[in-house]
Amino acid sequence: MEKNIKQLLVSAIKNGTVIDHIPANNLFSVINILGLYNIDNQITFGTNLESKKHGRKAIVKISDKFFVDDEINRIALAAPEAKLNIIRNYQVDEKRKVTVPDEFSGIVKCVNPKCITNNDEVKQKFRVISKKEVSLKCHYCEKITDQEHMVFI
Amino acid sequence: MQNRSLISINDYSKEEILHVLDLAGEFEQNPSRDILKDKVIATLFFEPSTRTRLSFESAVNRLGGKIIGFTDSASSSSIKGESLKDTIKTVSNYSDLIVMRHPIEGSARYASEVAMVPVINAGDGANQHPTQTLLDLYSIRKTQESLDNLNLFIVGDLKYGRTVHSLIMAMAHFNATFWFISPKDLRIPLEYKLFLDQRGLKYYEQRDISDVVSEADIIYMTRVQKERFSDPIEYERIKNAYVLKSNMLQDTRKTMKILHPLPRVSEISTDVDDSEKAYYFIQALNGVYTRQAIISLILGLKN
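Residues numbered from 1 in each chain as written. Chains lettered and ligands numbered in written order. Predicted model: local features only at pLDDT ≥ 70, side-chain atom pairs only at ≥ 80, totals over all residues.

Trainee: Please clarify how the overall build of chain B should be interpreted in this entry.
Mentor: A count of helical and extended segments in chain B gives nine helices and nine strands. On C-alpha atoms alone, chain B measures out to a radius of gyration of 19 Å, which is about the 19 Å that the 2.2 N^0.38 rule sets for 303 residues. When its C-alpha atoms are laid out on the principal axes, chain B stretches across 55 × 45 × 40 Å. Burial statistics for chain B: of 303 residues in total, 45% are counted as buried. In chain B, of all internal contacts separated by at least 6 residues, the share reaching a separation of at least 24 is 75%. (Helix = DSSP H or I, 4+ residues; strand = E, 2+ residues; numbered from the N terminus. Rg over C-alpha atoms; globule rule 2.2 N^0.38 Å. Buried ≥ 20, exposed ≤ 12 C-beta atoms within 10 Å, placed from the backbone. Contact = placed C-beta atoms within 7 Å.)

Take a look at the structure:
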């Protein structure tokens, strides 16, 4: 019963994608990374919801939107534990997890203030050198950005 | 290697490194030939570096090539606000190869992505300076006859010194053992120790230069710069601990050689210069042969 009430806090969608278990403080990074501020779909989200696993979590529901893997894996840096429910006709049709990509561009700032990506109009580009404790090597200046110093754009 | 930019020492495999060194040996035998006769090389120095620039220009001139370029950003159009991309795109129209030094880290990699001709990185901030590393390797191989299984002592600023970092990466191909001798504030960064751990290579860290140099095959000296210290008193206190003096060489191996990327300030006492173990000026000369080899490989004039 309690579970039902909680789900009502963020209303159900008929078709689309639910992204659950986003760390509450990274909700807006996830919205940015997926470019959700820029689409016409109906979006509902809740944040600072209680989570047994992570303290406080956020959830996003996007109607009539289905992501391809490459697209959704970009949020793995901000929400490594995120779980996706693909909803069709109010039912969970498929569950998916995110995985950290091997390389990607954008999303995160290079930690090195002298890096060209922080000094010129050059888009960040990284190779992921560790996926567990995420650690990124800048394609340009070759410096390492670790989890602790990760700043989302 | 033809048409491939050289930005980081990691762009070359072990075999490719050895190939450059072999060819540099050929140029040492006969450094003046006309193979660059129809070629224009651009040397774009967004910050001044007399030594590296003259070494490149000497290499090109001895091979009969032509040089265009500028020697600091005040005489380039970047002072008018032109972006690096635009400068590089324009200069690639005028030249067959770009040699570039720039204070911003990663600028050389970026330039290689926008240029229509290959780019050689002649130093991008504290990041990479691969031709220096290759001439260091050439000098080590020439004096020790092989690059394998050497004891390499690296002294001075191991935290910020880009030549040191690239040298470690390159010598890791050859089963070297490393001794890192530096002030506490300028220790070798953790990522390089992790790298050596992964490769299963031995290294030791010391605070003092004098204890163990008898083991050394190569002593690689670097400059400890005052600006690197937050506390000037700390600098005054430690600076003399990283100076190499001729009396320290007594117990060293007969074949041991002292290298330094130059410019030297006071970290090698001038009384060392007369020792046959002092190799740093010949090392600079080797830079010309090494750069001749790199340029002619990239332009496809040598295989």
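Trainee: Whenever I open this one, the packing of helix α3 (residues 84-94) of chain B against helix α4 (residues 107-114) of chain B confuses me. Can you help?
Mentor: Helices that pack against each other are described as a pair by the angle of their axes relative to one another and the distance between those axes. Residue and element names in this part refer to chain B. The interhelical angle for the contact between α3 and α4, taken along N-to-C directions, is 50 degrees, at an axis separation of 9 Å. With respect to α4, the axis of α3 lies oblique. For the pair α3 and α4, the crossing hand works out as right-handed. Residue-level inspection shows Leu 84, Lys 85, Ile 88 and Lys 89 of α3 in contact with α4, the latter providing Ser 107, Tyr 110, Ala 111 and Val 114. Grouping the constituent residues of the contact of α3 with α4 by class yields five nonpolar, one polar and two charged. (Axes fitted to C-alpha atoms, helices over the stretch in contact; angles between N-to-C directions. Parallel < 35°, antiparallel > 145°, perpendicular 65-115°, else oblique. Left-handed = near helix turned anticlockwise from the far one by under 90°. Nonpolar A, V, L, I, M, F, W, Y, C, P; charged D, E, K, R; others polar.)

Trainee: Would you explain the sheet that holds strand β3 (residues 55-63) of chain A in this entry?
Mentor: All names here are of chain A. Strand order across the open sheet formed by five strands is β2-β3-β1-β4-β5, with antiparallel pairing between neighbours. Each of the sheet's edge strands pairs with one partner strand only, and the pair in question is β2 (43-51) and β5 (91-97). Averaged over all pairs of adjacent strands, the angle between their axes in this sheet comes to 20 degrees, without regard to strand direction. Both strand β4 (residues 83-88) and β5 contribute to a ladder of six bridges, which runs antiparallel. For Arg 88, the partnering residue across the bridge sits in β5 and is Gln 91. (Pairing = 2+ DSSP bridges.)

Trainee: What is the right way to read the packing of helix α1 (residues 14-29) of chain B against helix α5 (residues 130-144) of chain B from this model?
Mentor: All names here are of chain B. In the contact formed by α1 and α5, the axes pass within 10 Å of each other and the chain directions differ by 70 degrees. One way to sum up the angle between α1 and α5 is to call them roughly perpendicular. Of the two elements, α1 crosses α5, and the hand of that crossing is right-handed. Residues Ile 17, Val 20, Leu 21 and Ala 24 of α1 lie in contact with α5, whose contacting residues are Leu 134, Leu 137, Tyr 138 and Arg 141. Tallied by class, residues from the contact of α1 with α5 come to seven nonpolar, no polar and one charged.

Trainee: Got a minute to help me understand the confidence of the model for chain B in this structure?
Mentor: Note: predicted coordinates in regions of low pLDDT should not be interpreted at a detailed level. Residues and elements named next belong to chain B. Residue-level pLDDT values for chain B average 93, and 99% of them are 70 or greater. Mean pLDDT across the elements of chain B ranges from a minimum in helix α8 (residues 232-238), with 84, to a maximum in α5, with 98. In the predicted complex, the global pTM is 0.88; the interface-specific ipTM is 0.88. (pLDDT = per-residue confidence, 0-100.)

Trainee: Quick question: what am I supposed to make of the domain arrangement of chain B here?
Mentor: By a widespread convention, an interface's size corresponds to the accessible area lost as its parts come together. Residues and elements named next belong to chain B. Along its sequence, chain B is carved into domain 1 (9-128 + 288-298) and domain 2 (131-284). One C-alpha centre belongs to domain 1, the other to domain 2; they are set 26 Å apart. Facing the 16 residues of domain 1 at the interface are 15 residues of domain 2. Residue assignment for the side of domain 1 that touches domain 2 shows that the elements contributing at least two residues are α1, β4 (119-124) and α9 (280-298). Considering every element that reaches the side of domain 1 that touches domain 2, the biggest residue donor is α1, with five residues. Here the side of domain 1 that touches domain 2 is built from residues that sort into nine nonpolar, four polar and three charged. (Domains from an automatic or database assignment.)

Trainee: Looking at this model, I keep getting lost on the nonpolar core. Mind explaining?
Mentor: Side chains of a nonpolar character, in soluble globular proteins, are inclined to be buried together. Core analysis: the biggest nonpolar cluster contains 117 residues, and Val 30 and Ile 75 of chain A together with Ile 98, Phe 153, Ile 154, Ile 219 and Tyr 220 of chain B have the highest contact counts within it. In terms of residue count, α9 of chain B provides more of this core than any other element does, seven residues in total. Apart from the residues within four sequence positions on either side, Tyr 220 of chain B is in contact with Leu 152, Phe 153, Ile 154, Val 155, Leu 167 and Leu 259 of chain B. (Core = buried A, V, L, I, M, F, W, Y, C linked by C-beta atoms within 7 Å.)

Trainee: Can you help me understand the sheet that holds strand β6 (residues 177-181) of chain B in this one?
Mentor: Strand pairing in a sheet is mediated by backbone hydrogen bonds. Such pairs are either parallel or antiparallel. All names here are of chain B. The strand order across the open sheet built from five strands is β7-β6-β5-β8-β9, with neighbouring strands paired in parallel fashion. Only two strands of the sheet have a single neighbouring strand rather than two, namely β7 (203-206) and β9 (257-259). The sheet shows a mean angle of 20 degrees between the axes of neighbouring strands, taken without regard to direction. For strand β5 (residues 151-155) and β6, the ladder comprises five bridges, and the chain directions are parallel.

Trainee: Would you explain the interface of chain A and chain B in this entry?
Mentor: Residue-level contacts link 14 residues of chain A with 13 residues of chain B. A class-by-class count of the residues in the side of chain A that touches chain B yields seven nonpolar, four polar and three charged.

Trainee: Is there a simple way to think about α4 of chain B in this case?
Mentor: For an α-helix, 3.6 residues make a turn, and residues three or four places apart therefore share a direction. Residues and elements named next belong to chain B. Most of α4 sits out of view: six of its eight residues are buried. The complete set of buried residues in α4 reads Ser 107, Ala 108, Arg 109, Tyr 110, Ala 111 and Ser 112. Elements in contact with the buried residues of α4: α3, β3 (97-102) and β4.

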